[in-house]
Amino acid sequence: MTVGASAGYDPVIDDVGRRVAQDGSIERAAAVPGLFLAWCVNLGLISEAVARDEARAVVRLKVREIGGGEFLVAACGGVLDDRVLSADGFDFARRHYAAFEDFVRASLATPVEDKWANYDRVAPWLTARLLGRSRPRRKFEWRPWKWRK
């Protein structure tokens with residue numbers, strides 16, 4: 001989906017290389033974009049090329065053998081851009097990534113770590129945005145005893 005160099009177009013959503021000096025290590029620099037990318041992989045919002053070329057890494061990510069930050073660095077060269085995401089994924093990232101960063105930094109302990117527990121905390125926020133909601137829905141709690149007479 002790479003578009004030519006039109007005015008104001010930036011194909012890069014985030015770049016670990018730009019964050020390393022600020023965050024102090026590659027692991028810390030890859031944590032926030034890695035959480036986002038893991039969610040994109042799980043929802044099928046990555047490009048067909050990445051899904052095809054990095055099929056083994058995609059499976060390892062989906063079964064939580066590796067984290068999103070590791071996937072971002074190893075499979076995508078540390079760059080989250082329009083080559084990594086599908087057209088829908090890139091459009092979503094352009095609209096919501098900055099707010100996602102703010103949400104992550106406000107919701108998780110600093111420094112943010114690329115852990116599946118953190119993913120489980122931020123994924124509902126992303127999914128709510130994808131579905132057009134401002135907040136995640138409450139978890140459904142099955143209580144059959146409430147229906148009994």
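All values reported here derive from a predicted model rather than from experimental measurement. (Residues numbered from 1 in each chain as written. Predicted model: local features only at pLDDT ≥ 70, side-chain atom pairs only at ≥ 80, totals over all residues. Heavy atoms only, no water.)

K.L.:
Whenever I open this one, helix α4 (residues 55-62) confuses me. Can you help?
P.N.:
One turn of an α-helix holds 3.6 residues; hence residues three or four places apart share an orientation. All of the buried residues along α4 are Ala57, Val58 and Leu61. Taken down its axis, α4 places every buried residue within 105 degrees of arc, on the same side. Of the exposed residues in α4, those oriented more than 90 degrees away from the buried face are Arg56 and Val59. Residue Arg64 follows α4 closely and has a positive phi angle near 65 degrees. (Buried < 20%, exposed > 50% of the residue type's maximum accessible area, 1.4 Å probe, protein only. Helix = DSSP H or I, 4+ residues; strand = E, 2+ residues; numbered from the N terminus. Arc of directions from axis to C-beta.)

K.L.:
Mind showing me how you'd approach the nonpolar core here?
P.N.:
A general trend in soluble globular proteins is that nonpolar side chains are found buried together. Counting 42 residues, the largest nonpolar core has Phe36, Leu37, Phe71, Leu80 and Phe100 as its most contacted members. Where this core is concerned, the elements lending two or more residues are α2 (26-42), α4, α5 (68-76), α6 (87-107) and α7 (116-130). Element by element, the count of residues in this core is highest for α2, at eleven residues. Residues within four places of Leu37 in sequence aside, it is in contact with Ile46, Phe71, Leu72, Cys76, Leu80, Val84 and Leu85. (Core = buried A, V, L, I, M, F, W, Y, C linked by side-chain atoms within 4.5 Å. Contact = heavy atoms within 4.5 Å.)

K.L.:
When you look at the packing of aromatic side chains in this model, what are you seeing that I'm missing?
P.N.:
The geometry of an aromatic ring pair comes down to the distance between the two centres and the angle between the two planes. For the structure on display, the rule yields ten aromatic pairs. Look at Phe100 and Trp125: their rings are 6.2 Å apart centre to centre, the planes differ by 45 degrees, and that puts the pair in the tilted class. With Phe100 in helix α6 and Trp125 in helix α7, this pair connects stretches of sequence that are 25 residues apart. Accessibility classification places Phe100 together with Trp125 in one group, the buried group. Centroid distance Phe103 to Trp125: 5.0 Å. Interplanar angle 15 degrees. Geometry classified as stacked. In this pair, Phe103 sits in helix α6 while Trp125 sits in helix α7, placing the two residues 22 residues apart along the sequence. With relative accessibility at 23%, the residue Phe103 sits in the partly exposed group. Linked through ring pairs, Phe36, Trp39, Phe92, Tyr97, Phe100, Phe103 and Trp125 together constitute an aromatic cluster. (Phe/Tyr/Trp six-rings, centres within 6.5 Å; stacked < 30°, edge-to-face > 60°.)

K.L.:
Quick question: what am I supposed to make of a nonpolar patch on the surface here?
P.N.:
A cluster of nonpolar side chains, Leu43, Leu130 and Leu131, forms an exposed patch at the surface whose accessible area comes to about 260 Å². Structurally, Leu130 can be placed in helix α7. (Patch = residues over 30% accessible without salt bridge, like charges linked within 9 Å, V, L, I, M, F, W, Y side chains within 5 Å. Areas by Shrake-Rupley, 256 points an atom, 1.4 Å probe, with all protein chains shown as cover. Salt bridge = Lys/Arg side-chain N within 4 Å of Asp/Glu carboxyl O.)

K.L.:
How should I be thinking about the packing of α2 against α6 in this particular structure?
P.N.:
In helix packing, the relevant descriptors are the interaxial angle and the interaxial distance, both defined with respect to the helix axes. Closest axis-to-axis distance for the α2/α6 pair is 10 Å, and the angle between their directions is 125 degrees. The angle between α2 and α6 falls in the class oblique. Considering the relative orientation of α2 and α6, their crossing is right-handed. Where α2 abuts α6, its residues Val32, Pro33, Leu35, Phe36 and Trp39 lie against Phe92, Ala93, Tyr97, Phe100, Glu101, Val104 and Arg105. (Axes fitted to C-alpha atoms, helices over the stretch in contact; angles between N-to-C directions. Parallel < 35°, antiparallel > 145°, perpendicular 65-115°, else oblique. Left-handed = near helix turned anticlockwise from the far one by under 90°.)

K.L.:
How should I be thinking about α7 in this particular structure?
P.N.:
Its 15 residues give α7 an end-to-end C-alpha distance of 20 Å, which sits within 8% of 21 Å, the value for a rise of 1.5 Å per residue. Taken as a whole, α7 carries its principal kink of about 30 degrees at Val122; the proline Pro124 stands between one and four residues after it. Of all the residues in α7, the buried ones are Trp116, Asn118, Tyr119, Val122, Ala123, Trp125, Leu126, Ala128 and Arg129. Contact partners of the buried residues in α7: α2, α4 and α6. Positive backbone phi, approximately 85 degrees, marks Gly132, located one or two places after α7. (Expected span 1.5 Å × (residues − 1). Bend = angle between axes of the 7 residues up to and from the residue.)

K.L.:
Hey, could you run me through the side chain of Arg129 in this one?
P.N.:
Among the structural elements, Arg129 can be located in helix α7. Buried and unpaired, Arg129 has Asp102 as its nearest opposite-charge partner, separated by 11 Å. In contact with Arg129, other than residues within four places in its own chain, are Phe92, His96, Ser134 and Arg135. (Lys, Arg positive; Asp, Glu negative; His and termini not counted.)

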